[in-house]
Each structure stands twice: as C-alpha cells, then as structure tokens.
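If you want the building blocks of each chain, they are given just below.
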Amino acid sequence: MIAKTAVAATLLFTLATGNAFADAKFQRWIADFRSVALKSGVSSATYAKAFAGITAPDPEVLQKARYQPEFTAPVWDYIDNRVNENSIAAGQAMARKWGPWLSRIEKSFGVDRSVLLAIWSMESNYGEILKRDDVMRDAIRSLATLAYGDKRRAKYARTQLIAAMKILQTGDIDRSHLTGSWAGALGHTQFIPTSYQAYAVDMDGNGKRDIWTSIPDALATAANLLKRNGWRSGETWGYEVVLPAGRKFPAGSLSLAKWQKLGVVRPNGKPFARPSEKATLKVPDGRGGPAFLMIKNFFVLKRYNNADKYALGVGLLADRIAGYKGLVQDWNRPFTPITMKEREELQHHLQALGYYDGNIDGKIGSGSRAAIEAFQKRNGLSTDGHPSKEVLSVLRRR
C-alpha cells in the first residue's frame, strides 16, 4: 500500500511539474508572439486585452486536434445526421421567425433564404451549439494553443489568431464574447477570423458586425460570402437525376442538354431549366444510390466548406426547408433506417442499459455507434454500429 502511494505521489508530482514547465513555455511563446502581432497591426493594448488571464494552453483543443476518428462516415450517415425531420422543422420555424430579415437579405445579396437557413443549421444547429460550454471555447486561447502546440495547424492558427485580435480591435465584439469552435470558427455561421474580416456584414445597422448574437448579421455574412464567390441568384444548386443502366459517362462537365442526350434525366421527367448550363455528374453513394448533376451554385457552396458532402447536405436541406420533397432514390444503407424520434428512443434505451452517456439528440456519432456495437456484441448481433430498426426492436424487448 505504501509503495502504491509513493508511486502515485511521484506520478502526480511528475504531471504537475510537466504541466508547469509546459505552461511556462506557453507563456514565453505568448510574450514572443507579441512582436509578430504588433508588426501585423495589432495594438499593444489589444494584445494585452486578448491574452489577459490566459496562462496555459487549452488541453481539450489539442485533444480534438489530434483525435483521428476510426469511423469514416459514408455519405448517407453524414446526410442522415444533418438532413432530417428535426433540422427541416427547425429551419421552417426559423424561416417564419426571421422572415422580414430574410427578405431583406435576399434582396441585398440574391441568395435564397432556405440556403442560408441550411448553412445556419449545418454550422451551429441554428445557434444551439453556441449555448454549449462543452463545445464553445475562448477563440484567442484556442488559436494560441494550436499555434503553440500543433505543428500541422501552426501556420493557420497564427494567421487566424492575428485576425481574431484585429476583430477585437475593431470593437465589433467584446473580449468576453469572442468565442468559437476548438479550431477558431466564430459565431452562428462559423466563420474563421480571416473570412470574417473579408465578408462580415452589419445587417442590423447597429454599427457592429456581430455574428455571435445578431442573427441578421450572421445570415447576411453567409450570404455575402456566397454572393462574392459567384452565387447565381434564382438558380438551384443541382438536380437529382436517374442514370440509364449499363452506360458509362464521361468525366468533367457537359451541358445539361448533352447529359440529357446521354439519357441522364430528372426523376419527375421535367426538363432542365437552363439546358445550356454546364453540369458535373456526381454519384456519392455509387451507381446504386442517388445521382446528381451539380451546377455552378453547388461549387459556390464549396467555397464555404470545400467538401462535396457539405455542399450536398446544404443543398438537400435547403430544398426540404423550402418545401420540396426528398430524394426519389434513397441511399444504399446496409440496414433499415429509423426516424430521428426513433433514434432518440434508441439512445434512451442504450442509456438506460448503461451503454451510452451522451446527448439524446438522435444524431449518431462515435459515442452512439460504440454503444450500439457494445449492445450488439453483448446480445449476439452483428456488430456494425448502425442505428437500425432491427437493433431498436431488440432494445424495445429489453
């Protein structure tokens, strides 16, 4: 017992001295970075205000930066978590609540309200993420932590840190509200600081470009980014299409008229609105899943987040918020899917049985998948981690 106590005491002393050493190095880094910031236009007073009370890096930021998920989400998993009855209903409610402002933003920037609402949903769940202390971090501390302790992101973090201090310097936001994601993305629409500097808009006219607490400013800022990157007003982002069986298709873009000649048509039989417009064929779930012809606005959405899944998620959610029906061809899920309400029920059951301790939100992330796998393994089921009707049926009998 004495030996174990001594070992534990030694370990605690080692950790404490190690942390103290790291904190001292971090404080030296803060002192050294001051000259870089001042040469970039950050005032001495702003620098002091930005780093007041910051003495140690944020360990959770480094943990998130180093975490590599073992599960690579297929497209249907990504879309199911973002385009569902909850996000659609919330988007339609927000459309009613912010209707007058959305009309003004549409008139000013030419971006459809449903697209802006979909971005808001994808980025911060209509602002709900900003209320979560376990998600939101001090933006200065987060970026300083990455600049100091993450070699892969150090250059990015230094640039964004200086931009964040310049935002503070303008007075658009006070120090206590300068918060963001672990990687420094800011506000309702999750702009990195340099993008904020380029596109932020004072839509509500109060003299501040406040994407943290002003919904009009946040949505107008997103609209400004899209407009300035070539958004085509009044046009869609792409079309779901049906592919003729057994035919190979050329890579790259063709006019919609040429795609139609190759047998690529819309499921409802309607013609393409602008046959001469160029489009690119994408089949994110293989030939057996939904197929799409993507036009200009899809690629503008990728200027917000350079990922096909993201742009597709925004487009599909925007269409549903606007009242259009869902996909004609469903995804190639290897299980029978369940609704978001049923997913929440599944999480409740797993929590009651001691397998799950996360949020009851219907979103199936790594925690939910691990809980499902543990339950499946314990009950002699195939351990695939999928939120299936089959798993829910077994849970209901427990």
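Nothing here was measured: the structure is a model prediction, and the numbers come from that model.

Considering the overall build of the protein chain
Link 1 in the chain: Helix and strand counts for the protein chain come out as 17 helices and 6 strands.
Link 2 in the chain: Seen through its principal axes, the protein chain has C-alpha atoms that stretch 75 × 60 × 40 Å.
Link 3 in the chain: Each of the 398 residues in the protein chain was classed as buried or not, and the buried ones make up 45%.
Link 4 in the chain: Sequence-distant contacts, at least 24 apart, represent 65% of the contacts inside the protein chain between residues at least 6 apart.

Considerations on the layout of surface pockets
Link 1 in the chain: Reported here for the second largest pocket is a volume of approximately 1,400 Å³.
Link 2 in the chain: Looking at the second largest pocket, it is lined by 44 residues, and the ones nearest its centre are D319, R320, Y324, K325 and G326.
Link 3 in the chain: Every element with two or more residues in the lining of the second largest pocket is listed here: α4 (75–80), α5 (85–97), α7 (113–124), β3 (238–241), α14 (308–321) and α15 (340–352).
Link 4 in the chain: Among the elements that make up the lining of the second largest pocket, the one with the highest residue count is α14 (4 residues).

Observations regarding the confidence of the model for the protein chain
Caution applies to low-pLDDT regions: their predicted coordinates should not be interpreted in detail.
Link 1 in the chain: For the protein chain, the mean per-residue pLDDT works out to 93, and 93% of the residues sit at or above 70.
Link 2 in the chain: Every residue in residues 1–18 scores below 50 in pLDDT, and together they form 0 contacts with partners more than four places removed in sequence or on other chains.

What to know about the pattern of salt bridges
Link 1 in the chain: Counted according to the given criterion, the structure contains 19 salt bridges.
Link 2 in the chain: D138 is paired through a salt bridge with R175; the nearest N and O atoms lie 2.9 Å apart. Taken together, the positions of D138 in strand β1 (residues 137–138) and R175 in the loop between α9 (154–170) and β2 (179–180) put the pair 37 residues apart, joining distant regions of the chain.
Link 3 in the chain: Judged by relative accessible area, R175 falls into the buried class, the value being 16%.
Link 4 in the chain: A single salt-bridge network, built from bridges that share partners, covers D80, D330, R333 and R343.

A closer look at unusual backbone geometry
Link 1 in the chain: Of note in this structure, N125 is not a glycine but carries a positive phi near 55°.
Link 2 in the chain: Within the secondary structure layout, N125 lies in the loop between α7 and β1.
Link 3 in the chain: By relative accessible area, which is 28% here, N125 ends up partly exposed.
Link 4 in the chain: The backbone of Q190 shows a phi angle near 50°, a positive value even though the residue is not glycine.
Link 5 in the chain: Its place among the elements puts Q190 in the loop between β2 and α10 (193–199).

Looking at the packing of aromatic side chains
The geometry of an aromatic ring pair is captured by two quantities: the separation of the ring centres and the angle between the planes.
Link 1 in the chain: Scanning the entire structure with this criterion turns up 15 aromatic pairs.
Link 2 in the chain: Judged by centre distance (4.8 Å) and plane angle (40°), the rings of Y47 and F51 are tilted. Residue Y47 and its partner F51 are located together in helix α2 (residues 44–51), separated by 4 residues, close to a single helical turn.
Link 3 in the chain: Relative accessible area serves as the criterion here: at 8%, F51 is assigned to the buried category.
Link 4 in the chain: Following the ring pairs from residue to residue traces out a cluster consisting of F26, W29, F33 and Y148.
Link 5 in the chain: Residue placement shows R82 over the ring face of Y78; its charged tip is 3.8 Å from the ring centre.

Observations regarding the nonpolar core
When a protein is soluble and globular, its nonpolar side chains tend to lie buried together.
Link 1 in the chain: Counting 83 residues, the largest nonpolar core has F51, M165, L226 and L312 as the members making the most contacts within it.
Link 2 in the chain: With residues near it in sequence (within four places) discarded, L226 still touches V111, V115, L116, I119, W231, V300 and L301.
Link 3 in the chain: Membership of the second largest hydrophobic core comes to 13 residues, among which are W259, V264, A291 and L293.

Regarding helix α3 (residues 59–66)
Link 1 in the chain: For α3, the set of buried residues is V61, L62 and A65. Taken around the axis of α3, the buried residues stretch over an arc of 95°, which confines them to a single face. Every exposed residue of α3 that faces more than 90 degrees away from the buried side is listed here: P59 and Q63.
Link 2 in the chain: Of the surrounding secondary structure, the elements contacted by the buried residues of α3 are β1 and α8 (139–149).
Link 3 in the chain: Where α3 begins, the capping side chain belongs to D58, and its oxygen is found 3.0 Å from the backbone nitrogen of E60.

Things to note about the sheet that holds strand β5 (residues 278–282)
Link 1 in the chain: Reading across the sheet, the 4 strands line up as β3-β6-β5-β4 and stay open at both edges, with antiparallel pairing between neighbours. Unpaired on one side and paired on the other, β3 and β4 (253–255) mark the two borders of the sheet. Sheet twist, expressed as the mean angle between neighbouring strand axes with direction ignored, is 35°.
Link 2 in the chain: Pairing geometry for β3 and strand β6 (residues 291–294), over 4 bridges, is antiparallel.

Remarks on the pairing of β5
Link 1 in the chain: Here β4 runs beside β5; their pairing, made up of 3 bridges, is antiparallel. Paired with S253 across the two strands is T280, which belongs to β5.

Topic: the packing of α7 against helix α11 (residues 215–228)
Link 1 in the chain: Here α7 crosses α11 at 110°, and the two axes come no closer than 10 Å. By the angle class used here, α7 and α11 are roughly perpendicular. In contact with V115, L116, I119 and W120 of α7, α11 contributes I215, L219, A222, A223 and L226.
Link 2 in the chain: Looking at the contact of α7 with α11 residue by residue, the classes come out as 9 nonpolar, no polar and no charged.

So, how was this worked out
- Residues numbered from 1 in each chain as written.
- Predicted model: local features only at pLDDT ≥ 70, side-chain atom pairs only at ≥ 80, totals over all residues.
- Heavy atoms only, no water.
- Helix = DSSP H or I, 4+ residues; strand = E, 2+ residues; numbered from the N terminus.
- Buried < 20%, exposed > 50% of the residue type's maximum accessible area, 1.4 Å probe, protein only.
- Contact = heavy atoms within 4.5 Å.
- 1 Å grid on protein atoms, 1.4 Å probe; cavity = no way out; pocket = protein on both sides within 12 Å on 5 of 7 lines; lining within 4 Å.
- Points joined across faces, edges and corners; volume = space filled by probe spheres on them.
- pLDDT = per-residue confidence, 0-100.
- Salt bridge = Lys/Arg side-chain N within 4 Å of Asp/Glu carboxyl O.
- Phe/Tyr/Trp six-rings, centres within 6.5 Å; stacked < 30°, edge-to-face > 60°.
- Lys NZ or Arg CZ within 6 Å of the ring centre and 35° of its normal.
- Core = buried A, V, L, I, M, F, W, Y, C linked by side-chain atoms within 4.5 Å.
- Arc of directions from axis to C-beta.
- Polar contact = N/O pair within 3.5 Å; in protein donor to acceptor, adjacent residues only side chain to side chain.
- Pairing = 2+ DSSP bridges.
- Axes fitted to C-alpha atoms, helices over the stretch in contact; angles between N-to-C directions.
- Parallel < 35°, antiparallel > 145°, perpendicular 65-115°, else oblique.
- Nonpolar A, V, L, I, M, F, W, Y, C, P; charged D, E, K, R; others polar.

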